[in-house]
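Working through the structure, step by step
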Amino acid sequence: MNDASPFARKVRVAAAERGLDRGIELVRLNPHERGAELVAANPLSKVPTLVAADGTAHVDSLAICIYLDTLGTGLRLVPLDGRDGFAALQRHALADGATDAAVLRRVESQKSAVPDRLEWMERQRHTIGRVLDRFEATVAGFGATMAIDTVALACLLAYLDFRFPADGWRGGRPELARWYEQFAARPSFLATRFPE
Ligand code: BEZ
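Okay, so let's go over this structure. (Residues numbered from 1 in each chain as written. Predicted model: local features only at pLDDT ≥ 70, side-chain atom pairs only at ≥ 80, totals over all residues. Heavy atoms only, no water.)

With that out of the way, let us pick up the environment of Pro-115. Here Pro-115 shows up in helix H5 (residues 115-138). You can call Pro-115 exposed: its relative accessible area is 65%. (Helix = DSSP H or I, 4+ residues; strand = E, 2+ residues; numbered from the N terminus. Buried < 20%, exposed > 50% of the residue type's maximum accessible area, 1.4 Å probe, protein only.)

Have a look at this one:
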């Protein structure tokens, strides 16, 4: 895993919320280096990757969270049935898609500035903004719900603070900002903070 990855953080928050974090050994690495250990477990060389006690490698943050739901006894975080469950999965997909856009934008921002690239990064910024506007309009109904969609949304917002503080995502989104302040106080979220 990598301390800067919002997808790894989502899995770590989910594990902590289900009381499983102490049973998971964290191996910190840079996925871009394509190290032999990571590639052997996950040919995509992506974090998070979870290797279970029986040696099975679980890849993809949502798939890992579904796997974590099969362990322990806590509240399940990934609802897999019913209208509410499908709505939560849709919200999770929006938050995850915007997180993908943010990570791609971050990777591009590390390269030299050429007009095509700047335009492409702007497109990612607008995509993220559209998703945040959707959540601004709907977040009042979330309350203190703890599920995969709210974990993914909180990790997205934290990642934007971490990598794109100048965006000021809170501007014009008071409901989202209020909701985030409450979520961010959770022990699972505080314990998985992005590096300074
Ligand atoms: C980052 O440094 O922003 C980052 C690192 C690993 C995965 C995703 C993002």
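The next subject is helix H4 (residues 82-109). In an α-helix there are 3.6 residues to a turn, and that puts residues three or four apart on one side. In this model, H4 (28 residues) spans 40 Å end to end at C-alpha, consistent with the 40 Å of a helix rising 1.5 Å per residue. Residues of H4 that are buried include every one of Gly-85, Ala-88, Leu-89, His-92, Ala-95, Asp-96, Ala-98, Thr-99, Ala-101, Ala-102, Arg-105 and Glu-108, and no others. Check the buried side of H4 and you find it contacts helix H1 (6-17), helix H3 (61-69), H5 and helix H6 (148-163). (Expected span 1.5 Å × (residues − 1). Contact = heavy atoms within 4.5 Å.)

Assignment of secondary structure puts Leu-118 in helix H5. On the basis of relative accessible area, Leu-118 is assigned to the partly exposed category, the value being 44%. Through-space distance from the C-alpha of Leu-118 to that of Val-13 is 33 Å; in sequence the pair is 105 residues apart.

Looking now at unusual backbone geometry. In this chain, Val-47 is followed by Pro-48 through a cis amide linkage whose omega measures 5°. Notably, Ser-45 is not glycine yet its phi reads approximately 50°, a positive angle. Mapped onto the elements of the fold, Ser-45 is located in the loop between helix H2 (36-41) and strand E1 (49-51). Overall, Ser-45 belongs to the buried group, its relative accessible area being 8%.

The subject of this paragraph is the state of the cysteines. With the rule as written, the count across this model stands at 0 disulfides. Cysteine Cys-65 shares no disulfide, and the gap to the nearest cysteine sulfur, in Cys-155, comes to 9.0 Å. (Disulfide = S-S within 2.5 Å.)

One finds Leu-153, Trp-179, Tyr-180 and Phe-189 to be the most contacted residues of the largest nonpolar core, which totals 48 residues. Listing elements by their share of this core, those giving two or more residues are H1, H3, H4, H5, H6 and helix H7 (174-183). When residues of this core are assigned to their parent elements, the largest contribution, 12 residues, is made by H6. Taken together, domain 1 (6-68) and domain 2 (82-186) each give at least three residues to this core, which thus spans both. (Core = buried A, V, L, I, M, F, W, Y, C linked by side-chain atoms within 4.5 Å. Domains from an automatic or database assignment.)

Time to look at the site of the ligand. Around the ligand sit Asn-2, Ala-4, Ser-5, Val-103, Arg-106, Tyr-159 and Arg-163, and that is every residue in its neighbourhood. Interatomic distance of 2.5 Å between a side-chain N/O atom of Tyr-159 and an oxygen atom of the ligand. Within the contact set of the ligand, an oxygen atom lies 2.6 Å away from a side-chain nitrogen or oxygen of Arg-163. Within the complex, the protein chains bury 82% of what would otherwise be the 260 Å² of accessible surface of the ligand. The residue inventory of the shell around the ligand, partitioned by class, reads 3 nonpolar, 2 polar and 2 charged. (Near = heavy atom within 4 Å. Polar contact = N/O pair within 3.5 Å; in protein donor to acceptor, adjacent residues only side chain to side chain. Areas by Shrake-Rupley, 256 points an atom, 1.4 Å probe, with all protein chains shown as cover. Nonpolar A, V, L, I, M, F, W, Y, C, P; charged D, E, K, R; others polar.)

Take the packing of aromatic side chains next. Any aromatic ring pair is given by two values, namely how distant the centres are and how the planes are angled relative to each other. A full pass over the atoms with the stated rule returns 9 aromatic pairs. Centre to centre, the rings of Trp-179 and Phe-183 are 5.4 Å apart; their planes meet at 40°, and the pair counts as tilted. Residue Trp-179 and its partner Phe-183 are located together in helix H7, separated by 4 residues, close to a single helical turn. A relative accessible area of 8% means that Trp-179 is categorised as buried. Judged by its relative accessible area of 5%, Phe-183 falls in the buried class. Through successive ring pairs, a cluster of aromatic residues spans Phe-135, Phe-142, Trp-169, Trp-179, Tyr-180, Phe-183 and Phe-189. Of note, Arg-9 hangs over the ring of Phe-189, and the distance from its end group to the ring centre comes to 3.8 Å. Over the face of the ring belonging to Phe-183 we find Arg-186, whose NZ or CZ atom lies 5.9 Å from the ring centre. (Phe/Tyr/Trp six-rings, centres within 6.5 Å; stacked < 30°, edge-to-face > 60°. Lys NZ or Arg CZ within 6 Å of the ring centre and 35° of its normal.)

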